[in-house]
Amino acid sequence: MHALFDQRRYLIPFRATLLPQIFTDVLVIGAGVAGLRAAISVAEESKGAADVIVTAKGKLKESNTYWAQGGVAAVLPDAGSDEDCFTSHVKDTMVAGADLCDLPIVKLIVENAPKRIAELVQWGMPFDHVLDGSDHETSRLAVGREGGHSFARILHSDGDATGKRLQMTLEARARACEHVRIFDQCFVLDLITVEGSTPRCVGAITHHPRYGLQVIWAASTILASGGAGQVYRESTNPNVATGDGLAMAYRAGAQVADLAFMQFHPTTFYVAGASRSLITEAVRGEGGRLIDHTGEAFMPKYHELADLAPRDIVSRAILQQMADTNASHVYLDCRHFEPGLFARRFPSIHKHLIDFGVDPEKAPIPIHPSAHYMVGGVWTDEHARSSVQGLYAAGEASCTGLHGANRLASNSLLEGLVMGEVAGRTALELVEAGKSPVPSKIVSDIRLSERSELDLADVRSSLRSVMWRHVGINRQGERLAEVAEMIDFWARYNLDKIFDERAGWEVQNLLLIGALMTRSAMWRRESRGTHYRIDHPLPDEDFKVHDLWQRGSHQPKLTPALGA
Ligand SMILES: Cc1cc2nc3c(=O)[nH]c(=O)nc-3n(C[C@H](O)[C@H](O)[C@H](O)COP(=O)(O)OP(=O)(O)OC[C@H]3O[C@@H](n4cnc5c(N)ncnc54)[C@H](O)[C@@H]3O)c2cc1C
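Everything quoted here is computed from the prediction, not taken from an experiment. (Residues numbered from 1 in each chain as written. Predicted model: local features only at pLDDT ≥ 70, side-chain atom pairs only at ≥ 80, totals over all residues. Heavy atoms only, no water.)

Student: Could you give an account of the overall build of the protein chain, naming the residues involved and the relevant values?
Tutor: Counting its secondary structure elements, the protein chain contains 16 helices and 23 strands. Taken against the 2.2 N^0.38 rule, which gives 24 Å for 564 residues, the C-alpha radius of gyration of the protein chain at 23 Å falls within 12% of a compact globule. Dimensions along the principal axes, computed over C-alpha positions, put the protein chain at roughly 65 × 55 × 45 Å. Per-residue burial over the protein chain gives 62% buried out of 564 residues. A separation threshold of at least 6 residues defines the contact pool for the protein chain, and within that pool the share at least 24 residues apart is 75%. Total accessible area computed for the protein chain in this model is approximately 21,400 Å², and 51% of it derives from carbon and sulfur atoms. For the protein chain, the distance from the average position of its 58 positive side-chain charges to the average position of its 69 negative side-chain charges is 4 Å. (Helix = DSSP H or I, 4+ residues; strand = E, 2+ residues; numbered from the N terminus. Rg over C-alpha atoms; globule rule 2.2 N^0.38 Å. Buried < 20%, exposed > 50% of the residue type's maximum accessible area, 1.4 Å probe, protein only. Contact = heavy atoms within 4.5 Å. Areas by Shrake-Rupley, 256 points an atom, 1.4 Å probe, with all protein chains shown as cover. Lys, Arg positive; Asp, Glu negative; His and termini not counted. Charge placed at Lys NZ, Arg CZ, Asp CG, Glu CD.)

As structure tokens, this is what we get:
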């Protein structure tokens, strides 16, 4: 990784005391499930005493949370099978995580699910209920099944609109809390740190199209900025998912971990030119089958769980089948569903397919894998503390050790709910200790570069293509090294520039994320979970560790997985 990535501390030059100043107790960066739940937690735990600011870089509905379809995994006493239990959910999570999950955090998240779901129901979250013989809702919550889960335990809402409903429920609750302010269109560029015996995060520098640059000073900052799917050409993530939070945490000196692991979703709707919209795994849970263009249902030959095998296995099997049959995509076949089931159970997807002229009752759905979920992130402990004092992280931006090397379906909304609550509660430790920052004379001096410029849009799209081709589902050492060189080249002409708008800052962040992911993938000379190295196709005990990287370090710090 080029030294430039570790040189510049901030993206732009500024003098903190000369910018407009805002003060709060807790700053939450991100307004998806993790950020909103964290804000509610601060408000409730402090009984309204603490001020909270929540920022979203675009509109609130531009988040991964809003687009989540399948649902939230939870073992509840009054839903699903009587034989299901926490131990089973823990075991499924650990199996999917390919020996890299940390058991204590898995247990914490699985066992806190009933509490987090019960409060959501109380706040008006309209989870779907089991219907009686006359199609009336009973009091029992409906659950679906997804790949890797031993039982049906996925709660959903409006069929496949779980994320939208969850976002709306949490937003309404957060807005009803005293002293919680939500700033949309507020792009956070960098975390501000002061150097002491250990660096401490004291807030962030932000940009708003109307108000320009501002400094938000905060006793505690919670990073809940979501994932980085946009670093790949094929992605299910909305445009906002450019990994800004991870990039700014790295620049601020926080440890980031397990970045080789990016989960690819096997089934995204494949129509050339259309965005890669997700076809939830729950469709396979309902009996949807993967077939190739000859009609062969090919999954049984790749895994005993066939269509319900873990996502990494299904994604690789699809690529293999596409290569073997010389095809650009395969199909998800739901023609055998009972009439009306697809439209009733997956209304949003059904509408989307019909808009593109595909009726799932009559034709198989063309699909292709896409980048979906960033498994690694800012390394945190079970209290959501990062390695930088005053900085906490939750949700997809964080790496708690829950997912290990691969995320079990529908565990991420649950993680956001549980760890968002934890982060909000923990973040109060500095507020209660009276650690509100006083504005300091923080100065970022950056000299103007004399190097010529590269076209921003071109760099963004070239980076995304090369990441998809060589840091995607199948990886290989030499190709990874070539990608690292290409990213270094783009970085030399991009990281030395000073941009004054979001597009430039996002490309700088994407280049850093691409470089970090590629470095971690090169280092991990084994195959595990979502990370598949053609040149090292098997897991290796020596790599049964989390790899933690920090600005300025050339080798990772290794931490063993706390498995059973
Ligand atoms: C299509 C799709 C379907 C999915 N389905 C499921 C599912 O069924 N079940 C499941 O468990 N998971 C699912 N996932 C994954 C899950 O939705 C996410 O992991 C989860 O919602 C992440 O929540 P979050 O709060 O961490 O981040 P997000 O919901 O992505 O929110 C990130 C927030 O950070 C803000 N932000 C980002 N950068 C900045 C910045 N620079 N400045 C200011 N604000 C910033 C954004 O504006 C946004 O408000 C799905 C994901 C996708 C994309």
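Student: Can you lay out the layout of surface pockets for me, pointing to particular residues and giving the numbers?
Tutor: In this approach the atoms are scanned with a rolling probe the size of a water molecule, which exposes any empty space left behind. The space that makes up the second largest pocket amounts to roughly 400 Å³. Lining the second largest pocket are 14 residues, with His-129, Leu-131, Ala-142, His-156 and Arg-345 sitting closest to its centre. For the lining of the second largest pocket, the elements supplying multiple residues, two or more each, are strand S5 (129-131), strand S7 (143-144) and helix H11 (341-345). Class assignment for the residues of the lining of the second largest pocket results in 5 nonpolar, 4 polar and 5 charged. Both domains that meet at the lining of the second largest pocket, namely domain 1 (22-261 + 384-432) and domain 2 (265-372), each give it at least three residues. (1 Å grid on protein atoms, 1.4 Å probe; cavity = no way out; pocket = protein on both sides within 12 Å on 5 of 7 lines; lining within 4 Å. Points joined across faces, edges and corners; volume = space filled by probe spheres on them. Nonpolar A, V, L, I, M, F, W, Y, C, P; charged D, E, K, R; others polar. Domains from an automatic or database assignment.)

Student: Describe the site of the ligand, with residues and values.
Tutor: Close contacts around the ligand come from 37 residues, with Thr-65, Gly-70, Gly-71, Glu-396 and Ser-412 the closest. Residue Asn-64 places a main-chain N or O atom 3.0 Å away from an oxygen atom belonging to the ligand. The side chain of Arg-407 places a nitrogen or oxygen atom 3.1 Å from a nitrogen atom of the ligand. Coverage of the ligand by the protein amounts to 98% of the 1,000 Å² it exposes when considered alone. Every element with two or more residues in the shell around the ligand is listed here: helix H2 (33-45), helix H3 (64-67), strand S10 (187-194), helix H8 (244-251), strand S17 (365-374) and helix H13 (411-432). For the shell around the ligand, a count of residues per class yields 14 nonpolar, 18 polar and 5 charged. (Near = heavy atom within 4 Å. Polar contact = N/O pair within 3.5 Å; in protein donor to acceptor, adjacent residues only side chain to side chain.)

Student: Tell me what's going on with the domain arrangement of the protein chain, and back it up with residues and numbers.
Tutor: When cut into domains, the protein chain gives domain 1 (22-261 + 384-432), domain 2 (265-372) and domain 3 (454-548). Between domain 2 and domain 3, the C-alpha centre-to-centre distance is 28 Å. Counting residues at the interface gives 8 residues for domain 2, matched by 6 residues for domain 3. Contact with domain 3 buries surface across domain 2, with Asp-312, Arg-316 and Leu-319 losing the most and accounting together for 70% of the total. On the surface where domain 2 and domain 3 come into contact, there are 0 salt bridges. The interface formed by domain 2 and domain 3 contains 0 residue pairs in polar contact (both at pLDDT 80 or more). Mapped by element, the contributors of at least two residues to the side of domain 2 that touches domain 3 are helix H10 (311-324) and S17. Within the side of domain 2 that touches domain 3, the residues separate by chemical class into 3 nonpolar, 3 polar and 2 charged. (Buried area = accessible area lost by both parts, 1.4 Å probe. Salt bridge = Lys/Arg side-chain N within 4 Å of Asp/Glu carboxyl O.)

Student: Before we move on, can you summarise the packing of H8 against helix H16 (residues 502-523) with the specific residues and values?
Tutor: Packing of H8 against H16 leaves a shortest axis separation of 9 Å and a crossing angle of 75 degrees. Relative to H16, H8 is oriented roughly perpendicular. Contact with H8, carried on its side by Asp-244, Leu-246, Ala-247, Tyr-250 and Arg-251, involves Glu-506, Asn-509, Leu-512, Ile-513, Leu-516 and Arg-519 of H16 and no other residues of that element. Among the residues making up the contact of H8 with H16, the classes are represented as 6 nonpolar, 1 polar and 4 charged. (Axes fitted to C-alpha atoms, helices over the stretch in contact; angles between N-to-C directions. Parallel < 35°, antiparallel > 145°, perpendicular 65-115°, else oblique.)

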